[in-house]
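# Structural description and commentary
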Amino acid sequence: MKTKLIFCTLLSLLLFSGCKENKVAETPKNDYLDFSKRDDQATGGIKMIPITTPIGKFNVWTKRVGNNPKIKVLLLHGGPGGTHEFFESFDGYFPNESIEYIYYDQLGSYYSDHPTDNSLWTIDRFVDEVEQVRKALKLDNSNFYLMGQSWGGILAMEYALKYQKNLKGLIIANMMASAPAYNKYAEEVLGPMLPKEVFAQIKTFEKNKDYTNPKYTELLFKYYYTEHILRMPIDKWPESVNRAFKHLNPNVYVYMQGPSEFGITGDATLKNWDVTSKLKTLTIPTLVIGAKYDTMDPKHMEWISKEVQNGRFLYCPNGSHCSQYDDQEHYFPGVISFLKDVDCGNFKKQ
């Protein structure tokens, strides 16, 4: 009898200790894709969310995948002017972990409205848009994780600097905290890594502002994109990535990012963007993702993870700017581990 009592006590302790480690499993997987009690059942999770801007009202596209009351990840795509399609690889990983995630095309992006007034393409206006989307989706600091990649990383940082009280966690993927630092890295490190004659040709095209020349595009894809954007032969690129590039809004992209792929140049509005001095004010759990072959300096991303008050760095040794495709073996376990650690109260900064 005494032995039975001891066994039951040990079993109980093991069960309760395991509960904290696997808190995310509180959402049963058999209910994960149950839409029956949701107001977006008829559309398969898609909602067109009305947003208010200084020049009127527009609609932005969102799609919710899964049910998890404690982990809801809003995805901010790159560009600017890109689409949620850059994140579609998440379908192969998040559902298996019962992580709820929300695809979202920002205003001006393919599945959302396309106003043509350039006064809309400012960081402050986009931050306000994200806040309106958050409210419409009823996300709060008990469940709201914001994940931004590339330009989405800029937007995620800026949102967190203004509204971190609304967040449970922040993920900054493949984005530095300074456009001038990014420009310096592109010009002084990445460019010279190209064959000398190729880099010279690319710089000549850019000097002449001949960005639409097919030869310029050919050189970029052959020597730069397959090394630093997505490390696969062009004919092996995932269909979702090709679709995302096809759907890119060039007007928004060029206005904010500029026409060059070597930094943010010309009259682009993001050219002087820099929040390095503000990062220390971020107190929420933050994951920063950097990759060895990225267009962004991975050492700078590691620095960001140490500059914020509760940061962790995820390094993708085989990855580039789209590490969610070319280094999934490091990318997804790292992201999932961060989400679960924060959810369970086990998160520890590095």
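For the structure given in this document, a descriptive report is provided here.

### Concerning the side chain of Thr62
If you trace the backbone, Thr62 turns up in strand E2 (residues 56–65). Thr62 gets classed as buried once you look at its relative accessible area, which sits at 1%. Residues contacting Thr62, with those up to four places away along its chain left out, are Gly45, Ile46, Lys47, Ile49, Ile102, Tyr103, Tyr104, Val133 and Leu137.

### Notes on the sheet that holds strand E5 (residues 144–149)
For sheets, the rule is that strands pair by backbone hydrogen bonds, running either parallel or antiparallel. Read from one edge to the other, the open sheet built from eight strands follows the order E1-E2-E4-E3-E5-E6-E7-E8, with strand pairing classed as mixed. Single-partner strands in this sheet number two, and they are strand E1 (46–53) and strand E8 (311–316). Here the strands of the sheet are splayed against their neighbours by 20° on average, with no regard to which way each runs. Looking at chain direction, strand E6 (residues 169–173) and strand E7 (residues 286–291) are connected through four bridges and run parallel. Each residue of the ladder has a partner; that of Ala173, found in E7, is Ile289. The strands that helix H3 (residues 151–163) touches are strand E3 (72–76), E5 and E6; relative to E5, the one it contacts most, it runs at about 140°. Contacts from helix H11 (residues 328–344) reach E3, E5, E6, E7 and E8 within the one sheet, and its direction differs from that of E8 by about 165°.

### Here we look at the pairing of E3
With five of five residues buried, E3 lies mostly within the body of the structure. Here E3 shows two buried faces, one formed by Lys72, Leu74 and Leu76 and the other by Val73 and Leu75. Of the pairings in the sheet, the one linking E3 to strand E4 (residues 100–105) comprises three bridges and is parallel in character. Counterpart to Leu74 in the pairing with E4 is Ile102. Sheet analysis places E3 next to E5, joined by five bridges and oriented parallel. Residue Leu76 lies in a different strand from E5, and its bridge partner there is Gly148.

### Observations regarding helix H2 (residues 123–137)
Across its 15 residues, H2 extends 21 Å between first and last C-alpha, which sits within 8% of the 21 Å expected from 1.5 Å per residue. Buried residues dominate H2, accounting for eleven of its 15 residues. Considered for burial, the residues of H2 that qualify are Ile123, Arg125, Phe126, Val127, Glu129, Val130, Glu131, Gln132, Val133, Arg134 and Leu137. At the C-terminal side of H2, Lys138 shows a positive phi close to 60°.

### Regarding unusual backbone geometry
The amide bond that connects Gly79 to the next residue, Pro80, takes the cis arrangement and shows omega of -5°. By secondary structure assignment, the location of Pro80 is in the loop between E3 and E4. The backbone of Ser150 shows a phi angle near 60°, a positive value even though the residue is not glycine. Inspection of the secondary structure puts Ser150 in the loop between E5 and H3. Of the residues examined, Ser150 reaches a relative accessible area of 12% and is grouped as buried. Positive phi values are uncommon outside glycine, yet Asn174 reaches one of about 55°. Assignment of secondary structure puts Asn174 in the loop between E6 and helix H4 (179–193).

### Brief notes about H4
In this model H4 runs 20 Å from its N-terminal to its C-terminal C-alpha over 15 residues, within 8% of the 21 Å that 1.5 Å per residue would give. Those residues of H4 that fall on the buried side of the exposure criterion are Ala179, Tyr182, Asn183, Tyr185, Ala186, Leu190 and Gly191. Contacts made by the buried residues of H4 are with helix H5 (196–207), helix H6 (214–229) and helix H9 (298–307). With a side-chain oxygen positioned 3.1 Å from the backbone nitrogen of Ala181, the residue opening H4 is Ser178.

### Observations regarding the packing of H2 against H3
It is the contact of H2 with H3, at a shortest axis distance of 9 Å, that shows an interaxial angle of 75°. As summarised for this structure, H2 and H3 are arranged roughly perpendicular, according to the angle between their axes. Contacts from Ile123, Phe126, Val127, Val130, Glu131 and Arg134 in H2 reach Trp151, Ile154, Leu155, Glu158, Tyr159, Lys162 and Tyr163 in H3. Looking at side-chain class alone, the contact of H2 with H3 contains nine nonpolar, no polar and four charged residues.

### Comments concerning the packing of aromatic side chains
Counted according to the given criterion, the structure contains 27 aromatic pairs. Ring centres of Tyr110 and Tyr111 lie 4.9 Å apart, and the angle between their planes is 80°; this geometry places the pair in the edge-to-face category. Residue classification places Tyr110 among the partly exposed positions, given a relative accessible area of 41%. Taking the centre distance of 5.9 Å and the plane angle of 45° together, the rings of Phe221 and Trp237 count as tilted. With Phe221 in helix H6 and Trp237 in the loop between H6 and helix H7 (239–246), this residue pair connects regions lying 16 residues apart in the sequence. Note on Trp237: relative accessible area 6%, which makes it buried. One aromatic cluster is present, built from ring pairs that chain together Phe86, Phe199, Phe221, Tyr224, Tyr225, Trp237, Phe245 and Phe262. Lying across the ring of Phe35, Arg38 places its NZ or CZ 4.0 Å from the centre.

Cut-offs applied
Residues numbered from 1 in each chain as written. Predicted model: local features only at pLDDT ≥ 70, side-chain atom pairs only at ≥ 80, totals over all residues. Heavy atoms only, no water. Helix = DSSP H or I, 4+ residues; strand = E, 2+ residues; numbered from the N terminus. Buried < 20%, exposed > 50% of the residue type's maximum accessible area, 1.4 Å probe, protein only. Contact = heavy atoms within 4.5 Å. Pairing = 2+ DSSP bridges. Axes fitted to C-alpha atoms, helices over the stretch in contact; angles between N-to-C directions. Expected span 1.5 Å × (residues − 1). Polar contact = N/O pair within 3.5 Å; in protein donor to acceptor, adjacent residues only side chain to side chain. Parallel < 35°, antiparallel > 145°, perpendicular 65-115°, else oblique. Nonpolar A, V, L, I, M, F, W, Y, C, P; charged D, E, K, R; others polar. Phe/Tyr/Trp six-rings, centres within 6.5 Å; stacked < 30°, edge-to-face > 60°. Lys NZ or Arg CZ within 6 Å of the ring centre and 35° of its normal.

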